[in-house]
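# Descriptive analysis of the structure
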Amino acid sequence: MKCSLRAPAKINLSLDVLHKRPDNFHEVAMVMTQVDLADRVELTRSESSQIRLSVSAGLLPEDHRNLAIQAARLLQKRYDVTAGASIFIDKKIPVAAGLAGGSSDAAAVLKGLNELWELNIPLEKLAALGSEIGSDVSFCVHGGTALATGRGEVIEPIAAPPAAWVVLAKPPVGLSTGDIYKQMKPNPEKEPVSNKMVEAIESGDYKAMCRLLSNDLESVTLASYPEVRQIKDRMIESGVDAALMSGSGPTVFGLVEKESRVHRVYNALRGFCEDVHAVRLL
Ligand SMILES: C[C@@](CO)(OP(=O)(O)O)[C@H](O)COP(=O)(O)OP(=O)(O)OC[C@H]1O[C@@H](n2ccc(N)nc2=O)[C@H](O)[C@@H]1O
Ligand SMILES: Nc1ncnc2c1ncn2[C@@H]1O[C@H](COP(=O)(O)OP(=O)(O)O)[C@@H](O)[C@H]1O
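For the chain, the name recorded in an unreviewed UniProt entry is 4-diphosphocytidyl-2-C-methyl-D-erythritol kinase, with Salsuginibacillus halophilus as its organism. Regarding the chain, the relevant UniProt record gives this comment under Catalytic activity (unreviewed entry): "4-CDP-2-C-methyl-D-erythritol + ATP = 4-CDP-2-C-methyl-D-erythritol 2-phosphate + ADP + H(+)". Regarding the chain, the relevant UniProt record gives this comment under Pathway (unreviewed entry): "Isoprenoid biosynthesis; isopentenyl diphosphate biosynthesis via DXP pathway; isopentenyl diphosphate from 1-deoxy-D-xylulose 5-phosphate: step 3/6."

Have a look at this one:
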């Protein structure tokens, strides 16, 4: 038995860091949405208990460090599964980019193996299991567009955002999400924007969505990595409706409503950075 799943990237339309928690995570409120840039995850059931992984992109670990392997092993252990699986990931999402590629692969493995191993685990339980792997995995299990709270694992699905193109540009910068959060000093005076972002999206108000784009981690990453600021400046100069860094970075995304303008933005960025994608909001 086999199955093949798309594992889409996410962007954060808003990201409020509320406060640091005793468990060293940060309480957040974020509006997340998936975009039409996806890895393909192919799963084959095996009767031996082994979990095997291969990945199309050279630099990713194919052992226990890969979130896809962690997802399969966690599911196998928690539900006493005797079967195993071979996993192949055709990697299209830039790695360590703030686009949750690894989390989305893990979510696809949970959903696919739930079918192949005939476990019938409801989505909510699968998402809770995913949150043990990483804070973004619950959202990736649900998919679509959602308000995420807690450390990111409490998911409330919302309406899809108004249609738009998204230009993604990832400068060649390696950063760690943990380090960016560590440098973050939450400001209790700052009003969170995620509830307003939900309202804008639910009422289909594209202009308000653009106006409200906000990410509390952005200033932290921009202060350490001027390349990310340059990409954001370039994005704004090229005529996007609004631009923001996704997650902890370093990818910057620009929203563009008019299809006729997407090419110009894409080309302006391509002259500046190699890793550029023009896709649609899902
Ligand atoms: C910033 C965000 C926004 O969507 O995404 P990315 O930039 O990773 O895509 C997420 O909050 C990242 O989620 P994820 O990448 O799953 O992080 P995790 O593996 O759970 O945590 C990595 C590290 O980040 C810190 N962390 C993470 C989440 C959170 N709410 N508070 C934190 O302080 C912790 O130090 C943790 O050890
Ligand atoms: N299947 C996977 N795809 C991408 N990265 C993975 C995967 N499994 C583990 N990782 C590791 O997870 C880290 C974060 O990767 P990724 O999920 O792409 O980015 P982000 O957390 O910034 O959204 C990287 O250091 C990478 O080596």
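So much for the structure itself; the text now carries on.
### Examining the site of ligand 1
In the region of ligand 1, 20 residues are neighbours, and Gly134, Ser135, Tyr181, Gly247 and Ser248 sit closest. Secondary structure elements with two or more residues in the shell around ligand 1: strand 1 (2-20), strand 2 (26-46) and helix 5 (177-183). Partitioned by chemical class, the residues of the shell around ligand 1 number six nonpolar, twelve polar and two charged. Two domains each provide a minimum of three residues to the shell around ligand 1, namely domain 1 (2-157) and domain 2 (165-280).

### Topic: unusual backbone geometry
Gly249 connects to Pro250 through a cis peptide bond whose omega is 5 degrees. Of note, Pro250 is situated in the loop between strand 9 (242-245) and strand 10 (252-256). Phi at Ala100 is positive, roughly 60 degrees, even though this residue is not glycine. Residue placement: Ala100 occurs in the loop between strand 4 (84-90) and helix 2 (101-116). Judged by the 29 C-beta atoms lying within 10 Å of it, Ala100 is buried. In this structure, Asn120 takes a positive phi of about 55 degrees despite not being glycine. Tracing the sequence through the fold places Asn120 in the loop between helix 2 and helix 3 (123-131). For Asn120, a count of 8 C-beta atoms within 10 Å corresponds to the exposed category.

### Section: the packing of helix 1 (residues 67-78) against helix 2
Where helix 1 meets helix 2, the axes come as close as 8 Å, and the angle between the chain directions of the two elements is 30 degrees. In the crossing of helix 1 with helix 2, the sense of the turn from one axis to the other is right-handed. Contacts from Leu67, Ala68, Gln70, Ala71, Ala72 and Leu75 in helix 1 reach Gly102, Ser103, Asp105, Ala106, Val109, Leu110 and Leu113 in helix 2. Residue classes in the contact of helix 1 with helix 2 are distributed as nine nonpolar, three polar and one charged.

### Observations concerning the site of ligand 2
Near ligand 2 you find 18 residues, and of these Asn66, Leu67, Gly101, Gly102 and Asp105 are the closest. At the level of elements, helix 1 and helix 2 are the ones that each hand at least two residues to the shell around ligand 2. With four residues, helix 2 is the largest single contributor of residues to the shell around ligand 2. Tallied by class, residues from the shell around ligand 2 come to nine nonpolar, seven polar and two charged.

### Looking at the sheet that holds strand 10
Ordered in space as 9-10-7-11, the four strands form an open sheet in which the pairing is antiparallel. A single partner strand is all that each edge strand has here, and the edge strands are strand 9 and strand 11 (275-280). The average angle at which neighbouring strand axes cross in this sheet is 20 degrees, direction not considered. Relative to strand 10, strand 7 (residues 165-170) runs antiparallel, the two sharing five bridges. Across the sheet, residue Trp165 finds its bridge partner in strand 10, namely Val256. Where helix 10 (residues 259-270) meets the sheet, it contacts strand 7, strand 10 and strand 11, and its direction lies at approximately 5 degrees from that of strand 7.

Procedures and definitions
Residues numbered from 1 in each chain as written. Chains lettered and ligands numbered in written order. Predicted model: local features only at pLDDT ≥ 70, side-chain atom pairs only at ≥ 80, totals over all residues. UniProt positions renumbered as here; feature names shortened; annotations may be inferred. Near = placed C-beta within 6 Å. Helix = DSSP H or I, 4+ residues; strand = E, 2+ residues; numbered from the N terminus. Nonpolar A, V, L, I, M, F, W, Y, C, P; charged D, E, K, R; others polar. Domains from an automatic or database assignment. Buried ≥ 20, exposed ≤ 12 C-beta atoms within 10 Å, placed from the backbone. Axes fitted to C-alpha atoms, helices over the stretch in contact; angles between N-to-C directions. Left-handed = near helix turned anticlockwise from the far one by under 90°. Contact = placed C-beta atoms within 7 Å. Pairing = 2+ DSSP bridges.

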